Amino acid sequence: MVVALAGVLIFRSCANDKRDKEILVENTMLIQQEITKVSKLIVTEGHFAEVYNYRDSQELFGSMIRANKKALVVVNAEVTVAYDLGKIGFHVDEAHKTLNILEIPEPEVKINPDFEYYDLTSDYFNQFSAEDHNKIKDNINASLSRKIEASSLKTNAENRLLSELAKFYVLTSSMGWTLTYKENPISDLDDLKLTNRKLIDQGHTIID
């Protein structure tokens, strides 16, 4: 009788261990699938306008003759800020039931300008060249980049990214797992923002 009871207990213990391991494997696979399925790109779009005056003057025969050229360029640019979450770095610690977010890819800023030239004039000895057009585009792109940095575009993209990462907390929490970001425990979206801000101050994060 004792032997039979011991056998039943051992069988149930093994069955429970097997069931727990199966659940652990299923949860691990679910977490990995959800990270893979999450939005590949989180995109924030903005529109910027720029009016650019280009002038160039060349002296000929000393200062006797001056050859001029000028252009008025109006630019309407569509700017996108994106995170490729397919490149997110993570580690699933099955032993401690923890999802560790290790690395988040750099934001990708793309500027798509539409150039319209007005009042394009040049003297015979100072014609527009491909170099002039490239210089105009480079100067305008540099100006747009400064406007983007001064705008709220990147901040909006960061907030959307953090909101997306908060989904990982909901997923792990529902399964009794723990979420960490760069080894900092995360319990809600505010924790993500606070941890990210601390890491920015320390210069260790790439969400900036």
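Just so it is clear, the model here is predicted, and its values are computed rather than measured. (Residues numbered from 1 in each chain as written. Predicted model: local features only at pLDDT ≥ 70, side-chain atom pairs only at ≥ 80, totals over all residues. Heavy atoms only, no water.)

**Let's talk about the overall build of the protein**
- The helix and strand inventory of the protein stands at four helices and seven strands.
- The order of helices and strands in the protein, counted from the N terminus, is α-β-β-β-β-β-α-α-β-β-α.
- Taking all 208 residues of the protein together, 33% fall into the buried category.
- A separation of at least 24 residues holds for 73% of the contacts in the protein among residues at least 6 apart in sequence.
- As displayed, the protein has an accessible area near 13000 Å², and 53% of this comes from carbon and sulfur atoms. (Helix = DSSP H or I, 4+ residues; strand = E, 2+ residues; numbered from the N terminus. Buried < 20%, exposed > 50% of the residue type's maximum accessible area, 1.4 Å probe, protein only. Contact = heavy atoms within 4.5 Å. Areas by Shrake-Rupley, 256 points an atom, 1.4 Å probe, with all protein chains shown as cover.)

**Concerning the confidence of the model for the protein**
- Predicted confidence across the protein gives a mean pLDDT of 75, with 74% of residues reaching 70 or more.
- Mean pLDDT across the elements of the protein bottoms out in helix α1 (residues 2-37) (58) and peaks in helix α2 (residues 130-150) (87).
- Note that residues 2-15 has pLDDT below 50 and, in this model, zero contacts with residues that lie over four places away or in other chains.
- Note that residues 204-208 has pLDDT below 50 and, in this model, 23 contacts with residues that lie over four places away or in other chains. (pLDDT = per-residue confidence, 0-100.)

**Digging into unusual backbone geometry**
- With a phi angle near 50°, K97 is a residue other than glycine that sits in the positive phi range.
- Along the polypeptide, K97 turns up in the loop between β3 (89-93) and β4 (98-103).
- Phi angles above zero are rare outside glycine, and D119 is one such case at about 50°.
- Structurally, the position occupied by D119 is in strand β5 (residues 108-122).

**Concerning the pairing of strand β6 (residues 178-181)**
- Two elements, β4 and β6, share four bridges in a ladder whose sense is parallel. Within the sheet, the bridge partner assigned to N100 lies in β6 and is T180.
- With three bridges joining them, β6 and strand β7 (residues 184-186) adopt antiparallel strand pairing. Residue L179 lies in a different strand from β7, and its bridge partner there is I186.
- Counting the residues between successive antiparallel strands, the hairpin from β6 to β7 contains two residues, one of them, K182, with a positive phi of roughly 50°. (Pairing = 2+ DSSP bridges.)

**Some words on the pattern of salt bridges**
- Counting across every chain of the model gives three salt bridges.
- A salt bridge links K70 to D119; its shortest N-O distance comes to 3.8 Å. One end of the pair, K70, is in strand β2 (residues 65-84); the other, D119, is in strand β5, and 49 residues separate them in sequence.
- One salt bridge in this structure joins E149 and K154, with 2.9 Å as the shortest N-O distance.
- For K154, a relative accessible area of 22% gives the class partly exposed. (Salt bridge = Lys/Arg side-chain N within 4 Å of Asp/Glu carboxyl O.)

**Description of helix α3 (residues 153-174)**
- Across its 22 residues, α3 extends 33 Å between first and last C-alpha, which sits within 8% of the 32 Å expected from 1.5 Å per residue.
- The first or second residue beyond α3 is G176, which carries a positive phi of 80°. (Expected span 1.5 Å × (residues − 1).)

**Here's the deal with the environment of N141**
- Among the structural elements, N141 can be located in helix α2.
- Looking at N141, the relative accessible area reads 27%, which means it is partly exposed.
- Separated by 91 residues in the primary sequence, N141 and E50 place their C-alpha atoms 9.7 Å from one another.
- If we skip the residues at most four places from it in the chain, N141 touches I111 and P113.

**A word on the environment of T155**
- Relative to the helices and strands, T155 is located in helix α3.
- A relative accessible area of 43% places T155 in the partly exposed class.
- Through-space distance from the C-alpha of T155 to that of T44 is 9.6 Å; in sequence the pair is 111 residues apart.

**Some points on the side chain of N100**
- Within the element layout of this structure, N100 appears in strand β4.
- Apart from residues lying up to four places away in sequence, N100 is in contact with G89, F90, H91, D93 and T180.

**Things to note about the packing of aromatic side chains**
- A full pass over the atoms with the stated rule returns zero aromatic pairs.
- The positively charged end of K137 is found above the aromatic ring belonging to F115, 5.7 Å away from the centroid. (Phe/Tyr/Trp six-rings, centres within 6.5 Å; stacked < 30°, edge-to-face > 60°. Lys NZ or Arg CZ within 6 Å of the ring centre and 35° of its normal.)

**Let's talk about the nonpolar core**
- The biggest cluster of nonpolar side chains holds 35 residues, and the ones touching the most others in it are I31, I101, L165 and F168.
- Of all the secondary structure elements, the ones that give two or more residues to this core are α1, β1 (41-60), β2, β4, α2, α3 and β6. (Core = buried A, V, L, I, M, F, W, Y, C linked by side-chain atoms within 4.5 Å.)

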